[in-house]
Amino acid sequence: MGVQPKQRRTTAADVAKSVGLSRATVGFVLNDTPGQTIPEGTRQRVLAEAARLGYRPHSAARALASGRSQLVMVVLPDWPMDFSLRRNIEEASLALDEAGYALITYTPHPTGAARPLWEVLQPDVVMSLQPLSDEQIAGIRAAGISRIVPDPEAVVADQGWVEEGPRLQIAHLAAHGHRRILFAGARDPRLADLVESRFRRASEAAVALSLEPLTRADVDHADSDVTDVLSSWRADGVTAVAAYNDDIAATVVGAALRVGMAVPQDLAVIGHDDTPTASMVHPQLSTIRVDTAGLGRHMAALALSAINGTAPPAAGPEFTATLIARASTGAQA
């Protein structure tokens, strides 16, 4: 069987010829060019004929003409794509799509040899969830991209809201009479910085409440060895666990129940992030709710403000962490 010839793409010139108008007039309509006085009837006739002919704008040509690619790139750290991060990205993608932009994600790897994606796609703005290195910033600017969020030249205020959750965890356990608390972190090396940050905030909260110094144990949520260390925690006087996230908290609860410990009577457990896991385990997990969807929309608004040269959006209620008290800490029957 012979190779079928590739069907030619319908162009603006084809639409112009079909409706008997100049290419300039048709181009003004198809590109929605501002400042043009095209009669509404003419505009509708052009759009209808373009749809009939199957015209699709050539994205590369439009980007060249407008100086915009309509792309927003989010540089992700090498983190596991958990529920919270997925929801954050999905909401940002939806908000940007409504504004006419597509969101793409890129995770650079230290050992990777691939060409940086910002050089290939030339997005209108590059955002990062963690500080970019000087080398990365230089590479982005060398690619002709001037909009970087957060702005490397700006002084970024301390975003203490990010780690308000650990303070709420410790305060909640202390309010239920616990003095000896263990912080259960994630063993995944990709999360080391995040785990350390939350542990530090939780430790500071324990000191402020005059509790015993916080101890720490890193576990794997897929590791059954947690059951082997529970007895040592109890022997050390631990009566409560503040977990890095809900997956770790669920792992601790499951291990405790398997060895005959009652939760929360023998061991109270609180998670973080209020993922679906928190409501699915028994007893249901007390946890910290973070508005990941709201943070995603805020991220999109930051990107659009950088593109349009407007003031960045102010922080709203999405930046507030909230305690959700459930049965795993004795907050509910």
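Look up a bit, the structure's there.
For clarity, every value in this text was computed on a predicted model and none was experimentally measured.

How would you explain the environment of alanine 99 if you had to name every residue and give the values?
As for its placement among the helices and strands, alanine 99 is situated in the loop between helix 5 (83-98) and strand 2 (102-106). Under the relative-accessibility criterion, alanine 99 is labelled partly exposed at 38%. Between the alpha carbons of alanine 99 and leucine 304 there is a distance of 8.3 Å; along the sequence they are 205 residues apart.

Explain the packing of aromatic side chains to me, using residue names and the numbers behind them.
Each pair of aromatic rings is reported with the distance of its centres and the angle of its planes. This structure, assessed with the given rule, holds 2 aromatic pairs. Judged by centre distance (5.6 Å) and plane angle (85°), the rings of tyrosine 106 and tryptophan 118 are edge-to-face. Within this pair, whereas tyrosine 106 is found in strand 2, its partner tryptophan 118 is found in helix 6 (residues 117-121), the two being separated by 12 residues in sequence. The burial state of tyrosine 106 is the same as that of tryptophan 118; both residues are buried. Arranged with centres 5.6 Å apart and planes meeting at 55°, the rings of phenylalanine 183 and phenylalanine 199 form a pair that is tilted.

Quick rundown of the nonpolar core? Include the residues and the values.
Ile170, Trp233 and Leu267 are the most contacted members of the largest nonpolar core, which totals 63 residues. Tallying contributions element by element places helix 11 (residues 246-258) first for this core, with 7 residues. Ignoring anything within four residues of it in the chain, the contact list for leucine 267 reads Leu230, Val238, Thr239, Ala240, Val241, Val252, Ala256, Met261, Ala262 and Ser328. Within the second largest apolar cluster, 13 residues are counted, among which are Tyr106, Leu132, Ile140 and Ile148.

Account for unusual backbone geometry, with residues named and values stated.
In this structure, the amide linkage connecting valine 149 to the following residue, proline 150, adopts the cis form with an omega of 0°. The residue after histidine 282, namely proline 283, is reached through a cis peptide bond having omega -5°. The topology assignment puts proline 283 in the loop between helix 12 (276-280) and strand 9 (287-289). Notably, glutamine 122 is not glycine yet its phi reads approximately 50°, a positive angle. Positionally, glutamine 122 belongs in the loop between helix 6 and strand 3 (125-128). The backbone of aspartate 273 shows a phi angle near 110°, a positive value even though the residue is not glycine. Along the polypeptide, aspartate 273 turns up in the loop between strand 8 (268-270) and helix 12. Classification of aspartate 273 as buried rests on a relative accessible area of 13%.

Explain the packing of helix 10 (residues 226-235) against helix 11 to me, using residue names and the numbers behind them.
At a minimum axis separation of 9 Å, helix 10 and helix 11 run at an interaxial angle of 80°. Here helix 11 runs roughly perpendicular to helix 10, going by the angle between their axes. For the pair helix 10 and helix 11, contact is made by Val226, Thr227, Leu230 and Trp233 and by Thr251, Val252, Ala255, Ala256 and Arg258, respectively. Class assignment of the residues belonging to the contact of helix 10 with helix 11 gives a composition of 6 nonpolar, 2 polar and 1 charged.

Kindly report on the sheet that holds strand 4 (residues 148-149), identifying the contributing residues and their values.
The strand order across the open sheet built from 4 strands is 2-1-3-4, with neighbouring strands paired in parallel fashion. Each edge of the sheet is formed by a strand with only one pairing partner; in this case those strands are strand 2 and strand 4. With 4 bridges joining them, strand 1 (residues 71-75) and strand 3 adopt parallel strand pairing. Among the inter-strand pairings, valine 74 is bridged to a residue of strand 3, identified as methionine 127. Together, strand 1 and strand 2 form the strand contacts of helix 5, whose direction differs from that of strand 2 by roughly 145°.

Tell me about the pairing of strand 7 (residues 240-243), and name the residues and values.
Across the two faces of strand 7 the burial is the same, with Ala240 and Ala242 and Val241 and Ala243 all buried. For strand 5 (residues 181-186) and strand 7, the ladder comprises 4 bridges, and the chain directions are parallel. Opposite isoleucine 181, over in strand 7, you have alanine 240 as the bridge partner. Taken together, the 3 bridges between strand 7 and strand 8 define a ladder with parallel strand orientation. Bridged to valine 241 within strand 8 is valine 269. Crossover strand 7 to strand 8 through helix 11 is right-handed.

I'd like to hear about the pattern of salt bridges, residue by residue, with values.
All told, the structure shown has 12 salt bridges when counted by the stated rule. Notably, a salt bridge pairs arginine 289 with aspartate 274, separated by 2.6 Å at the nearest N-O pair. Of this pair, arginine 289 sits in strand 9 while aspartate 274 sits in the loop between strand 8 and helix 12, and the two are 15 residues apart along the sequence. Of the residues examined, aspartate 274 reaches a relative accessible area of 16% and is grouped as buried. In this structure, arginine 326 engages aspartate 274 in a salt bridge whose closest nitrogen and oxygen atoms are separated by 3.1 Å.

Describe the sheet that holds strand 6 (residues 215-219), naming the residues involved and giving the relevant values.
One open sheet accounts for 4 strands, arranged 6-5-7-8; its pairing is parallel. Each having just a single partner strand, strand 6 and strand 8 make up the two edges of the open sheet. Between one strand axis and the next, the sheet turns through 25° on average, direction left out of account. Sheet topology note: the strand 5/strand 6 ladder contains 5 bridges and is parallel.

Basis of the calculations
Residues numbered from 1 in each chain as written. Predicted model: local features only at pLDDT ≥ 70, side-chain atom pairs only at ≥ 80, totals over all residues. Heavy atoms only, no water. Helix = DSSP H or I, 4+ residues; strand = E, 2+ residues; numbered from the N terminus. Buried < 20%, exposed > 50% of the residue type's maximum accessible area, 1.4 Å probe, protein only. Phe/Tyr/Trp six-rings, centres within 6.5 Å; stacked < 30°, edge-to-face > 60°. Core = buried A, V, L, I, M, F, W, Y, C linked by side-chain atoms within 4.5 Å. Contact = heavy atoms within 4.5 Å. Axes fitted to C-alpha atoms, helices over the stretch in contact; angles between N-to-C directions. Parallel < 35°, antiparallel > 145°, perpendicular 65-115°, else oblique. Nonpolar A, V, L, I, M, F, W, Y, C, P; charged D, E, K, R; others polar. Pairing = 2+ DSSP bridges. Right-handed = clockwise from strand over helix to strand, strands pointing away. Salt bridge = Lys/Arg side-chain N within 4 Å of Asp/Glu carboxyl O.

Distances and angles like these do not, on their own, reveal function.
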